[in-house]
Structure formats: C-alpha cells, structure tokens
Amino acid sequence: MAAPATAEPTTHPSGVPAPEGSVDVTVKIQRFNPEQDSEPHWESYDIPALPTDRVLNLLINIKSYIDGSLAFRRSCAHGICGSDAMQINGVNRLACKVLVKDLLAKKGKTTITVAPLKGLPLLKDLYVDMEPFFEAYRSIKPYLIAYGNEPTRERIQSPADRERFDDTTKCILCAACTTSCPVYWADGTYFGPAAIVNAHRFIFDSRDEGAEERLDILNDAEGVWRCRTTFNCTDACPRGIEVTKAIQEVKRALLFRRV
Ligand code: SF4
Ligand code: FES
C-alpha cells in the first residue's frame, strides 16, 4: 500500500521552510557583536514555527536561513548537556526543552524573547563566558576524595546512603540556577548555587572523605552564607533539583559539622 502523501513545506517570506500546521511567531533576540557593537541591542525575526518545535529549533532556523552570524551554544538538543541555557521570555531555561506551544499567545501574534544568561561576561549574542561559573565549580573539589590505601574492591554503599545525595547527582552544569541568583548578579565572587549543589553531591556521599575540606571552603565569605534563600535557583533548574534545599543542608552541616 502506498504511504500517505505528506505536504511539502512551503517557503515563508523569511526564507524559513513553513511545514503544514506552522504558525507565525516573532523571535526577538538580544544581539551583540563585540567587533561592531558597543552595547547589545534587540533584533526581531518573523518566522514560521510548529507548536511542537523547541525554541532551539527556531534559533537553528534563524541561523540556517536568515543570519548565519547568530551565536549560541547547543549540543545534545535533549536536555542533557546543559549547554543551551538562556533567558526565554525573561526566565532561565534550556532552549531545547521549551516548546513553542507553551509560549503561544492566546490572542494575537506570539513574541518570544531570547537573551543570554545574566551575570556572566557576554561574548557574542547568546554566548556567555562560562569560565567564572566553572572556576567556582572547580573550587569546591567536585571529585571523590579518599585517603589511605587504594581499596582492592569497589567502595560499597547502601541504597539509603546513595539516596542521601541522589538529587544533586542530576546536575548538568547548565548555570541556569547560578545566573538567576540576585546575590550572584550583585557580586560575582559568590560561589553560586551550582557550585554548592555539586559540593553537596560529595559532602553527603558516604564514600567520600573530603567533606571537611569542602565545608571549610563553603564557610568562606563567598560561600553558602551569602545565600538569601530567594528560591530563584530552584525555580530555574531544568532538572528539578531542589537547589535551595541542598544549600540549606550544606548550611546545617556547617552549623553542626556532622554529615
Ligand atoms: S543545579 Fe540545576 S540549574 Fe543549577 S547548574 Fe545544575 S542542572 Fe543547572
Ligand atoms: S542542547 Fe544539550 S541541554 Fe539543550
């Protein structure tokens, strides 16, 4: 039996193919070219989009069909690598996880605004310098610390002990939490939520022996005590990690020095 015919996409005036069922949206993007601009500015693109498209699809279409100079990061396109965090309609999200249908206006034409993460140095368009973020991450020693002789077999851990830090193992280092934090915006020296989440992942790991070292680091002036519990970080996390709860647990561990 012959396969049912599918309609060929027509070409929209923007040059972007318009598949059947697509709607017109305006994507307003903060642009910045350090070789030409002294300040960022907004540019709008009227393009077709399917309700099931992710915002990442729209950015790829704009780059592919309208302006190849548009700069943004992405890799997996499936919410795993953490490279395409950006502000979408003013909220930190992964562009590959936000569906157009969840942004469509009930009436009138939809405008989707896209801007880079706030609080990290802007390099170009949606592309920020992640180095300050990773510097804070490295400073909390995000690896297993163990002393003494190397074990001759794997380090055993009970399911209950593994559960203790399960939530914080889910971090994909996207920086959505840290760059939604007003304390981080105000003073880039604060470690930020993501570094504390990743410290939590090892501090509460029964196989790790570096908890005291990490707690000393986080007890610093730039450490956990800067957190004002605004919950922006928990709301921003695309992995659903209870970021504020993890920070509170690290604070409690510092107060009682018992982990
Ligand atoms: S805690 Fe969540 S928001 Fe923060 S870096 Fe990890 S995955 Fe991203
Ligand atoms: S591209 Fe990997 S998380 Fe979005």
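Report on the accompanying structure. (Residues numbered from 1 in each chain as written. Chains lettered and ligands numbered in written order. Predicted model: local features only at pLDDT ≥ 70, side-chain atom pairs only at ≥ 80, totals over all residues.)

## Looking at the overall build of the chain
Stated formally: Elements are defined by DSSP. Helices are runs of H or I of four residues or more, strands are runs of E of two residues or more, and each kind is numbered from the N terminus. Burial is judged by counting other C-beta atoms within 10 Å of a residue's own C-beta: 20 or more means buried, 12 or fewer means exposed, and anything between counts as partly exposed, with every C-beta placed from the backbone. What counts as a contact is two residues whose backbone-derived C-beta atoms lie within 7 Å of each other.
Check the secondary structure of the chain and you find eight helices and nine strands. Each principal axis of the C-alpha distribution contributes one length, and for the chain these read about 65 × 60 × 35 Å. For the chain, with 259 residues in total, the buried portion stands at 35%. Counting only contacts in the chain whose residues sit at least 6 apart along the sequence, the fraction spanning at least 24 positions is 67%.

## With respect to helix H2 (residues 131–139)
To keep it simple, the criterion reads: Relevant arc is that of directions from the helix axis to the C-beta atoms, nothing else.
Of all the positions in H2, only Phe133, Ala136 and Tyr137 are classed as buried. Down the axis of H2, the buried side of the element spans an arc of 100°, and every buried residue falls inside it. Turned more than 90 degrees off the buried face of H2, the exposed positions are Glu131, Glu135 and Arg138. On its buried face, H2 is in contact with helix H5 (193–203). Among the residues trailing H2, lysine 141 stands out with phi positive, at a value near 60°.

## What to know about the site of ligand 1
Here is the rule we go by: Defining nearness, a residue is near a molecule or strand when the C-beta atom obtained from its backbone falls within 6 Å of it. The classification used treats Ala, Val, Leu, Ile, Met, Phe, Trp, Tyr, Cys and Pro as nonpolar, Asp, Glu, Lys and Arg as charged, and all other residues, Gly among them, as polar.
With respect to spatial proximity, 16 residues lie near ligand 1, and among them Cys171, Cys174, Cys177, Ala194 and Cys237 are the closest. Among the elements that line the shell around ligand 1, the one with the most residues is H5, at three residues. Among the residues forming the shell around ligand 1, the class breakdown is 14 nonpolar, one polar and one charged.

## Details of the nonpolar core
We apply this condition: The nonpolar core is taken to be a set of buried Ala, Val, Leu, Ile, Met, Phe, Trp, Tyr and Cys residues joined by way of C-beta atoms within 7 Å.
Within the largest apolar cluster, 61 residues are counted, with the highest numbers of intra-cluster contacts made by Val27, Ile196 and Val250. No other element matches H5, which puts seven residues into this core. Ignoring sequence-local partners within four residues, the contact set of valine 27 consists of Tyr45, Ile47, Leu58, Ile62, Ile112 and Val114.

## Structural notes on the environment of leucine 59
Inspection of the secondary structure assignment puts leucine 59 in helix H1 (residues 55–66). Overall, leucine 59 belongs to the buried group, with 23 C-beta atoms counted inside 10 Å. For the pair leucine 59 and asparagine 89, spaced 30 residues apart in sequence, the C-alpha to C-alpha distance is 14 Å. Contact partners of leucine 59, with chain neighbours within four places excluded, come to Leu70, Phe72 and Ala95.

## So, unusual backbone geometry
The phi torsion at asparagine 89 lies on the positive side, around 50°, for a residue other than glycine. Along the chain, asparagine 89 falls in the loop between strand S5 (85–88) and strand S6 (91–94). In the Ramachandran plot, leucine 173 falls in the positive-phi region, its phi being about 55° despite a non-glycine side chain. By the element assignment, leucine 173 lies in the loop between helix H3 (159–163) and helix H4 (182–186).

## What about the sheet that holds strand S7 (residues 110–115)?
Defined as follows: DSSP-based pairing: two strands are paired if at least 2 bridges between them are found. Helix axes are fitted only over the stretch in contact, all axes being lines through C-alpha atoms; the angle between N-to-C directions runs from 0 to 180 degrees.
Sheet architecture is open: five strands sit in the order S4-S3-S7-S5-S6, paired in mixed fashion. Two strands close off the open sheet at either side, each with one partner strand: strand S4 (41–49) and S6. With direction set aside, neighbouring strand axes in the sheet form an average angle of 35°. Sheet topology places strand S3 (residues 23–31) next to S4; nine bridges connect them, and they run antiparallel. Residue pairing across strands places aspartate 24 opposite proline 48, the latter belonging to S4.

## Focus: the pairing of S7
With five bridges joining them, S3 and S7 adopt parallel strand pairing. Bridge pairing in S7 places valine 27 opposite isoleucine 112. Judged from the two bridges that link them, S5 and S7 form a sheet pairing that is antiparallel. Looking at the pairing, glutamine 87 lines up with alanine 115 of S7.

## Looking at the packing of H5 against helix H8 (residues 243–256)
The condition that has to hold: Angles are sorted into four bins: roughly parallel if under 35 degrees, roughly antiparallel if over 145, roughly perpendicular if 65 to 115, and oblique for all others. Crossing handedness is read from the near helix: turned anticlockwise from the far helix by less than a right angle, it gives a left-handed crossing, and turned clockwise, a right-handed one.
Across the interface, H5 lies against H8 with an axial gap of 9 Å and an inter-helix angle of 60°. Considering their axes alone, H5 and H8 lie oblique with respect to each other. Once H5 is placed against H8, the crossing between them reads as left-handed. Residues Pro193, Ile196, Val197, Ala199, His200 and Ile203 of H5 touch H8, and the partners they reach there are Val243, Ala246, Ile247, Glu249, Val250 and Ala253. Grouping the amino acids of the contact of H5 with H8 by side-chain chemistry returns ten nonpolar, one polar and one charged.

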